[in-house]
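# Summary of the model geometry
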Amino acid sequence: MPVDHKAATDRLMRFLAVEGVTGQEAAIGRELTAALKQAGVPAKAIRLDDANTRIPVPTETGNLIVDLPGRGALHNQPRIMFMTHMDTVPLCAGAKPKKSGRKIVNEARTALGGDNRCGCGVLVTLAAELAKQKLDHPPITLLFCVREESGLYGARHVKLDELGSPVMAFNYDGGSASNVVIGAVGADRWTVEIFGRASHAGVAPERGISSTMIMALALAEVKAGGWFGKVVKGKQQGTSNVGPVTGGEGRPAGDATNVVTDYVHVRGECRSHDGKFFKEITKAYKAAFEKAAKKVTNAQGKSGKVKFKAETDYYPFRMKENLPVVKRAIEAVAAVGGTPNVRAANGGLDANWMVRHGIPTVTFGAGQNEAHTVDEWINLDEYDRACALALQVATMR
């Protein structure tokens, strides 16, 4: 079952040229729809869902869903699903993809967008090759998710009855096509609002309550307690990070140096493969901020206050290697000449939510390297292997 690799690369270059940062996927959705139709997929088989109406942050469009009826000897086999996400991180805005030997690189000082235009290229190539070669295959759903990069929202809010009840799914994201990712971490995202009291820092600093100092004391305690960065407590492991620090609505934390800062807004995350442990890390942050608020007082004995909110972004999972979806993935990787690398990921995947929805999902790579950085590049040998792998998975008996 050869794959037209030139056509596959041309599609990838076409998709890389379309900007579509997270939450702004309308243009890439239109481009994917056009490419699918050109590949022979009937227009009636392609649709957008209404997940964007349930996503709590502005999102231009819903998930793109494609129904491919079964063909030949496999037409009545259980439905399977292939999925990827069609958004990129904001750093990809303005990318200028360029082929350089067996790589695709970027002429602009931005991220490239291989994460995840590569996945989009793989899925459209799969549809094209199945149609062109008239290969036998079970019913297939293709799912292109929105807002993966900003919280896995598309996969989280998809309606299961829109997917046709697939018994297993294969997700394309970052890394090598030989990776068989069967697990991933779970994560909390948290925010804390710190309320102090403004005062002239030169005339009457003692009347102020510094929200900046509250933050500093809290983070110092978190670091001293071993809860920042890589977190190891006995046999339990996880990670945490403190993200943007602002004055809310994108303003700086404090507008002048001669005013005691009365408000600071902090965002962060905590992760672990242990569903209980990332909650423990979050609790450590909450306790540290609350303790620090009580420590910072003014001359009148009044202290600061904090408002800490945490939400589970996605839940960890680890599938057993004897599951049919994992066996199929391992067999397919070997069939296209790869050495299966069964592993778990330290980042969140759309697969986290698919597994949570009850659809066992393996994730493969598609040649993306140095994602989310200005050094991002695509390995075309791995991308070609990922396309061949999708065709192999779809047609296995």
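Residues numbered from 1 in each chain as written. Predicted model: local features only at pLDDT ≥ 70, side-chain atom pairs only at ≥ 80, totals over all residues. Heavy atoms only, no water.

The tendency in soluble globular proteins is for nonpolar side chains to be buried side by side. Counting residues in each nonpolar core, the largest one holds 68 residues, and the members touching the most others are Leu36, Phe82, Leu142, Phe144, Tyr172, Val362 and Phe364. Among the elements that make up this core, the one with the highest residue count is helix H9 (residues 380–395) (9 residues). (Core = buried A, V, L, I, M, F, W, Y, C linked by side-chain atoms within 4.5 Å. Buried < 20%, exposed > 50% of the residue type's maximum accessible area, 1.4 Å probe, protein only. Helix = DSSP H or I, 4+ residues; strand = E, 2+ residues; numbered from the N terminus.)

Over its 12 residues, helix H7 (residues 324–335) runs 16 Å from end to end, which matches the ideal 16 Å to within 8%, given 1.5 Å per residue. Of the surrounding elements, those touching the buried residues of H7 are strand E3 (80–85), strand E7 (168–173), strand E8 (179–184), strand E16 (361–365) and H9. Phi for Gly337, located one or two positions after H7, is positive at around 90 degrees. (Expected span 1.5 Å × (residues − 1). Contact = heavy atoms within 4.5 Å.)

This part is about the UniProt feature "binding site: Zn(2+) 2" (unreviewed entry) in the protein chain. As recorded in UniProt, the feature "binding site: Zn(2+) 2" (unreviewed entry) lies at Asp115 and Glu149. Maximum C-alpha separation among the annotated residues is 9.4 Å over a sequence range of 35 residues, consistent with a single clustered spot. On the secondary structure map, Asp115 appears in helix H3 (residues 114–133). Excluding anything up to four places from it in sequence, Asp115 contacts His85, Asp87, Thr88, Glu149, Asp173, Gln368, Ala371, His372 and Glu376. A polar side-chain atom of Asp115 sits 3.0 Å from a polar atom in the side chain of His372. Within the secondary structure, Glu149 sits in the loop between strand E6 (140–145) and helix H4 (153–157). The class for Glu149 is buried, based on a relative accessible area of 18%. (UniProt positions renumbered as here; feature names shortened; annotations may be inferred. Polar contact = N/O pair within 3.5 Å; in protein donor to acceptor, adjacent residues only side chain to side chain.)

Our focus in this paragraph is the packing of H7 against H9. With their axes 9 Å apart at the nearest point, H7 and H9 run at an angle of 130 degrees to one another. It follows that H7 is oblique to H9 by the angle criterion. The chirality of how H7 crosses H9 is right-handed. For the pair H7 and H9, contact is made by Arg328, Ala332, Val333 and Ala335 and by Leu389, Gln392, Val393 and Ala394, respectively. (Axes fitted to C-alpha atoms, helices over the stretch in contact; angles between N-to-C directions. Parallel < 35°, antiparallel > 145°, perpendicular 65-115°, else oblique. Left-handed = near helix turned anticlockwise from the far one by under 90°.)

Spatially, E10-E11-E12-E9-E13 is the arrangement adopted by the 5 strands of the open sheet, whose pairing is antiparallel. Each having just a single partner strand, strand E10 (229–233) and strand E13 (305–314) make up the two edges of the open sheet. Across the sheet, the mean angle from the axis of one strand to that of its neighbour is 25 degrees, orientation sign disregarded. Looking at chain direction, E10 and strand E11 (residues 236–246) are connected through 5 bridges and run antiparallel. Across the sheet, Lys233 pairs through a bridge with Gln236, a residue of E11. Lying on the sheet, helix H5 (residues 211–224) is in contact with strand E9 (186–195), E11, strand E12 (263–272) and E13; it crosses E12 at an angle near 20 degrees. Lying over the sheet, helix H6 (residues 277–295) contacts E9, E10, E11, E12 and E13, oriented at roughly 170 degrees with respect to E13. (Pairing = 2+ DSSP bridges.)

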